[in-house]
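Chain by chain, the residues run as shown.
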Amino acid sequence: MKQNTETLPGPGRSISGGIGSGLRRLLVSRLAVLLIATLVLILYFQFASDGVFLTPTNASLLLRQAAVVAVLAAGVAVLIIVGEIDLSMGSAAFLAGLVAAQCQVAGLDLVTSILAAVGAGVLMGIVQAIATVSFAIPAFIVTLAGFLVFRGIGLLWTNAGAVGPVSSDFIALTEGRMPAVIVVAIVVLLMLTAVLQSYRTFRDAKASITPTPARIYLQKVVVPLAAAAALIWISLGRSGAPYATIWIGVVALALGVVLNKGKFGRQIFLLGSNREAAVYAGINAKRTVIIAFIIMGVIYGIAGVMLTARGGTSTADAGTTLELVAISAAVVGGNSLRGGVGSVVGAVMGAFLLSTIDNGMALLGVSSYAQNVAKGLILVLAVGLDGYFLRRRRSRS
């Protein structure tokens, strides 16, 4: 039988055709929509604030404000992809941060304080994992209980009082300014990553008959280059690039590798897409969920350290509503509450979008109530887009 070679694009055609069709797909992809929405908001706030929003000093402030939410959103993205949820993040981060503050007040060193907070976070993650997996209690209920229990433990421990202040070195973990040599090293690393990913993506597209989606170029090439440029620009300001940037980058990179480069990541996506089919395929669902909760426990500890460093003390209301904001950021970033779909990059970008709204509206003197209305509408729109993309996938299949 004669093969119809006209319908099979060759390597050269896959690249040119991939760019054209990829751009069309990019315009309706969640990552592109999120990026465009963020850019539009930035331009609006820059105009409305008479040029105050886009200054290195305010950008540095924005990074510090977004850091804890970005870290928690990146962590909960893993749970959402596997088909679970976490409503205890704010309370767990508060309790982990309280442990770090107590260690500081007791005179313990910086590393010990951090490890104690992370250890407390991992313990909370394990407890919730056991309750979810061993007793078959829905994660929604387990983490809702954790939301109440963890904060209650912290308030009983301190009688709802503040604990601190922590040392200046502890505060510098997020609020300190990075030296120029660290900024240069990070920028070089980001640029090398973008160049390497660009080469790999181009090579794979040339060798494949399937067009490479343009969103891959956006995520692996454009985002690192944009991050490098923004970091250089922020470093030129009076406040400089804060150490909070490193926390965001390390957490996002580590979780990105977990999700995209290993067997465990594939299991998470398969389990979230179709749990029954994944179990039949030999995936240990219980173990995978437990590991996901342990990862979330590490995130509790990191976020708790950042939360306490940001305020300089641990207060009774620290971390209030953080769970709602982090889940909103993950969903806005394209992580489907149905499971099986999402990314860490999207969650971090969603956190920056919500923080941009908070920061910009605060500059314009808009009340916090109006900010909540705006973020609520954006969340509803994001869930609506999730349903739209789901219908598109089903119509194609």
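Everything that follows concerns the structure shown earlier in this document.
Residues numbered from 1 in each chain as written. Predicted model: local features only at pLDDT ≥ 70, side-chain atom pairs only at ≥ 80, totals over all residues. Heavy atoms only, no water.

A. Representation of the overall build of the chain within the structure. Across its full length, the chain carries 16 helices and zero strands. Sequence-distant contacts in the chain: of pairs separated by 6 or more residues, those separated by 24 or more amount to 81%. Accessible area for the chain stands at about 19100 Å²; split by element, carbon and sulfur atoms hold 69% of it. (Helix = DSSP H or I, 4+ residues; strand = E, 2+ residues; numbered from the N terminus. Contact = heavy atoms within 4.5 Å. Areas by Shrake-Rupley, 256 points an atom, 1.4 Å probe, with all protein chains shown as cover.)

B. Examining a nonpolar patch on the surface more closely. Residues Ile126, Ile130, Phe135, Ile137, Phe140, Ile141 and Leu144 make up a contiguous nonpolar surface patch of roughly 610 Å² in combined accessible area. Where the nonpolar patch is concerned, the elements lending two or more residues are α5 (110-134) and α6 (139-158). Broken down by element, the residue count for the nonpolar patch peaks at three residues, all from α6. In this structure, phenylalanine 135 sits in the loop between α5 and α6. Here phenylalanine 135 falls in the exposed class, since its relative accessible area comes to 58%. (Patch = residues over 30% accessible without salt bridge, like charges linked within 9 Å, V, L, I, M, F, W, Y side chains within 5 Å. Salt bridge = Lys/Arg side-chain N within 4 Å of Asp/Glu carboxyl O. Buried < 20%, exposed > 50% of the residue type's maximum accessible area, 1.4 Å probe, protein only.)

C. Focus on the side chain of serine 88. Examined against the element boundaries, serine 88 turns out to sit in the loop between α3 (56-81) and α4 (89-105). Judged by its relative accessible area of 0%, serine 88 is buried. Separated by 3.3 Å, the side chains of serine 88 and tyrosine 300 make a polar contact. In contact with serine 88, not counting residues within four places along its chain, are Gln128, Thr143, Gly146, Phe147, Phe150, Tyr300 and Glu323. (Polar contact = N/O pair within 3.5 Å; in protein donor to acceptor, adjacent residues only side chain to side chain.)

D. Just α3, in detail. Over its 26 residues, α3 extends 35 Å from the first C-alpha to the last, a length consistent with the 38 Å expected when each residue adds 1.5 Å. The buried fraction of α3 amounts to 22 of the 26 residues, a majority that puts the element mostly inside the structure. Glycine 83 sits one or two residues past α3 and shows a positive phi near 100°. (Expected span 1.5 Å × (residues − 1).)

E. Summary view of the packing of aromatic side chains. The tally for this structure, following the rule as stated, stands at two aromatic pairs. Ring centres 5.4 Å apart and planes at 55° place the aromatic pair tyrosine 44 and phenylalanine 45 in the tilted group. Judged by its relative accessible area of 46%, tyrosine 44 falls in the partly exposed class. A relative accessible area of 4% means that phenylalanine 45 is categorised as buried. The interplanar angle of 40° and the centroid separation of 5.6 Å between the aromatic rings of phenylalanine 45 and phenylalanine 53 together place this pair among those described as tilted. (Phe/Tyr/Trp six-rings, centres within 6.5 Å; stacked < 30°, edge-to-face > 60°.)

F. Representation of the packing of α3 against helix α14 (residues 322-332) within the structure. In contact at an axis separation of 8 Å, α3 and α14 are set at 65° when each is read in the N-to-C sense. With respect to α14, the element α3 is oriented roughly perpendicular. Regarding α3 and α14, the two cross each other, and that crossing is right-handed. Residues Val68, Val69, Leu72, Ala73, Val76 and Ile80 of α3 lie in contact with α14, whose contacting residues are Leu322, Val325, Ala326, Ile327, Ala329 and Ala330. Residue composition of the contact of α3 with α14, by class: twelve nonpolar, no polar and no charged. (Axes fitted to C-alpha atoms, helices over the stretch in contact; angles between N-to-C directions. Parallel < 35°, antiparallel > 145°, perpendicular 65-115°, else oblique. Left-handed = near helix turned anticlockwise from the far one by under 90°. Nonpolar A, V, L, I, M, F, W, Y, C, P; charged D, E, K, R; others polar.)

G. Structural view of the environment of valine 366. Along the chain, the position of valine 366 falls in the loop between α15 (344-363) and α16 (368-396). With a relative accessible area of 32%, valine 366 lands in the partly exposed category. Those residues in contact with valine 366, other than ones at most four positions away along the chain, are Met361 and Gln371.

By themselves, these are just geometric observations and shouldn't be taken as functional.
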